[in-house]
Amino acid sequence: MEIERDCLCLQVRKAARAVTQWYDECLQPSGLRSTQFDLLVAIARAEAAPLTRIAEILVLDRTTFARNLKPLESQGLVVIEAGKDRRVHLTRLTEQGYQALQKALPYWRKAQEQVMTRLEPSQVAALHAELHDR
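Rules used throughout
Residues numbered from 1 in each chain as written. Predicted model: local features only at pLDDT ≥ 70, side-chain atom pairs only at ≥ 80, totals over all residues. Heavy atoms only, no water. Salt bridge = Lys/Arg side-chain N within 4 Å of Asp/Glu carboxyl O. Helix = DSSP H or I, 4+ residues; strand = E, 2+ residues; numbered from the N terminus. Buried < 20%, exposed > 50% of the residue type's maximum accessible area, 1.4 Å probe, protein only. Axes fitted to C-alpha atoms, helices over the stretch in contact; angles between N-to-C directions. Parallel < 35°, antiparallel > 145°, perpendicular 65-115°, else oblique. Left-handed = near helix turned anticlockwise from the far one by under 90°. Contact = heavy atoms within 4.5 Å. Nonpolar A, V, L, I, M, F, W, Y, C, P; charged D, E, K, R; others polar. Expected span 1.5 Å × (residues − 1). Bend = angle between axes of the 7 residues up to and from the residue. Pairing = 2+ DSSP bridges.

### Brief notes about the pattern of salt bridges
In total, this model carries three salt bridges according to the counting rule given. Here Glu-56 and Arg-53 are joined by a salt bridge, their closest N and O atoms 3.3 Å apart. Taken together, the residues Glu-56 and Arg-53, both in helix α4 (residues 51-57) and three residues apart, mark about one turn of the helix. Judged by its relative accessible area of 52%, Glu-56 is exposed.

Shown next as structure tokens:
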């Protein structure tokens, strides 16, 4: 069907799934999935930030973000605390979370390097330029 071949949304989603599967495969020895790794990185960078802010950074709705945090919280990798304003919840990595992130980093680097070698530098630059501030 022509739509399947021409639909940019479908093609981008397929590419995203393929890349995600590759990162998941590389990260497997760390015990983290790529989505969990991404969450830990965002939380580490944001330090003790409100859940809504980190969800915005990751372009996730707050409900999906909160649901994805639950397994990390259960594993003791993140904690969710009330802020000064009790309506605001902050999330931060635990020491165990930082250790999990450090353990996963070499596997992520391997995945990153291998994916990057499959793309032309101009393609990588264009992707970064287009997607950086979205």
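### Observations concerning the packing of helix α3 (residues 34-46) against helix α6 (residues 95-117)
For the pair α3 and α6, interaxial distance at closest approach is 10 Å and the crossing angle is 120°. Considering their axes alone, α3 and α6 lie oblique with respect to each other. In this structure, α3 meets α6 at a crossing whose hand is left-handed. Contacts between α3 and α6 involve Phe-37, Leu-40, Val-41 and Ala-44 from the former and Gly-97, Tyr-98, Leu-101, Ala-104, Leu-105 and Trp-108 from the latter. Tallied by class, residues from the contact of α3 with α6 come to nine nonpolar, one polar and no charged.

### Considering α6
Look at α6: 33 Å from first C-alpha to last across 23 residues, which is about the 33 Å you get at 1.5 Å a residue. Of all the bends found along α6, the most pronounced is centred on Leu-105 and spans about 35°, while Pro-106, a proline, follows it within four residues. Within α6, the full set of buried residues consists of Gly-97, Ala-100, Leu-101, Ala-104, Leu-105, Ala-111 and Val-115. Looking at the buried side of α6, the elements it contacts are α2 (8-27), α3 and β3 (89-93).

### Description of the sheet that holds strand β1 (residues 49-50)
Taken together, the three strands give an open sheet; going across it, the order is β1-β3-β2, and neighbouring strands pair in antiparallel fashion. Looking at the sheet topology across the chains shown, the edges are occupied by β1 and β2 (78-82). As paired elements, β1 and β3 share two bridges and run antiparallel to each other. Across the sheet, Pro-50 pairs through a bridge with Leu-90, a residue of β3. Packed on one face of the sheet, α3 meets β1, β2 and β3 and runs near 105° to β3.

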